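A look at the structure
So you can see what is in the structure, the chains are spelled out below.
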Amino acid sequence: SKLDSINEALNNLNLTLNNKRYARVLDYAFENLKIKSLDLKNNQIQFIEPRAFYGLEFDLIKLVLSYNKIESISFHLYLLKNLTELDLSNNRIKSI
């Protein structure tokens, strides 16, 4: 049915928010969303709060954070149990 198709789409979101000039990702920014792929490439992200990806622990498979200004990985990456693809290229990472 149409409702089943809508529910399926909402549970398999691919969210692209690149070129938006975001400077940070706040705690719980994506809570209550069922995102499989999150693309935050080419923003101005310098800091990602520790709980930024809470709520995506079992849904997120792909995370793209390339071409930002991230200097350290202080967010709880280990919580993303099904993450298979992580792109942190072209950042300013000094510590993990």
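It should be noted that the structure appears before, not after, this text.
Structure report, in brief. Given the structure is predicted, the values throughout are model-derived calculations rather than measurements.

1. A look at the overall build of the protein chain
A count of helical and extended segments in the protein chain gives one helix and six strands. Starting at the N terminus, the α and β elements of the protein chain follow one another as α-β-β-β-β-β-β. Out of the 96 residues belonging to the protein chain, those deemed buried represent 29%. Counting only contacts in the protein chain whose residues sit at least 6 apart along the sequence, the fraction spanning at least 24 positions is 40%. Carbon and sulfur atoms make up 49% of the accessible area of the protein chain, which amounts to about 6,000 Å² in all.

2. Looking at unusual backbone geometry
Look at Asn19: it is not a glycine, yet its phi comes out positive at around 60°. Among the structural elements, Asn19 can be located in the loop between strand 1 (13-16) and strand 2 (24-25). The backbone phi angle of Tyr67 is positive, close to 55°, even though this residue is not glycine. Along the chain, Tyr67 falls in the loop between strand 5 (62-64) and strand 6 (85-87).

3. Remarks on the nonpolar core
Counting residues in each nonpolar core, the largest one holds 17 residues, and the members touching the most others are Phe30, Leu38, Ile48 and Phe53. Apart from residues lying up to four places away in sequence, Leu38 is in contact with Leu15, Phe30, Phe53, Leu60, Lys62, Leu63 and Val64.

4. A look at the packing of aromatic side chains
In total, this model carries three aromatic pairs according to the counting rule given. Taking 6.1 Å as the distance between ring centres and 5° as the angle between the ring planes, the aromatic pair formed by Phe30 and Phe53 counts as stacked. Taken as a pair, Phe30 in the loop between strand 2 and strand 3 (35-39) and Phe53 in the loop between strand 4 (47-48) and strand 5 lie far apart in primary sequence, 23 residues in all. Neither residue differs from the other here; Phe30 and Phe53 are each classed as buried. Ring geometry for Phe53 and Phe75: centres 5.5 Å apart, planes at 75°, overall edge-to-face. Here Phe53, found in the loop between strand 4 and strand 5, pairs with Phe75, found in the loop between strand 5 and strand 6; they are 22 residues apart in sequence, far enough to count as distant. The pair formed by Phe53 and Phe75 is uniform in burial state, with each residue classed as buried. Members of the aromatic cluster, joined through ring pairs, are Phe30, Phe53 and Phe75.

Calculation notes
- Starting from 1, residues in each chain are numbered consecutively following that chain's sequence as written.
- With the structure being a predicted model, the display of local features is reserved for residues of pLDDT at least 70 and the display and counting of side-chain atom pairs for 80 or more, all residues being used for whole-chain, interface and lining totals.
- Side-chain numbers here rest on the full set of heavy atoms in the structure, without hydrogens or water.
- Secondary structure elements are taken from DSSP: a helix is a run of H or I of four residues or more, a strand is a run of E of two residues or more, and numbering for both begins at the N terminus.
- A simple rule labels every residue: compare its accessible area, found with a 1.4 Å probe on the protein chains alone, to the largest value its type can have, and call it buried under 20%, exposed over 50%, or partly exposed in between.
- It only takes one pair of heavy atoms within 4.5 Å for two residues to be counted as in contact.
- Computed by Shrake-Rupley with a 1.4 Å probe, the accessible areas treat only the displayed protein chains as cover when residues are assessed.
- Within this scheme, the nonpolar core is defined by two criteria: the residues are buried Ala, Val, Leu, Ile, Met, Phe, Trp, Tyr or Cys, and they are joined through side-chain atoms within 4.5 Å.
- Here the aromatic set is Phe, Tyr and Trp, taking the six-membered ring for Trp, and pairing holds for ring centres within 6.5 Å; pairs whose planes are under 30 degrees apart are stacked, those over 60 apart are edge-to-face, and all others are tilted.

Interpretation in functional terms is not warranted from these geometric data alone.
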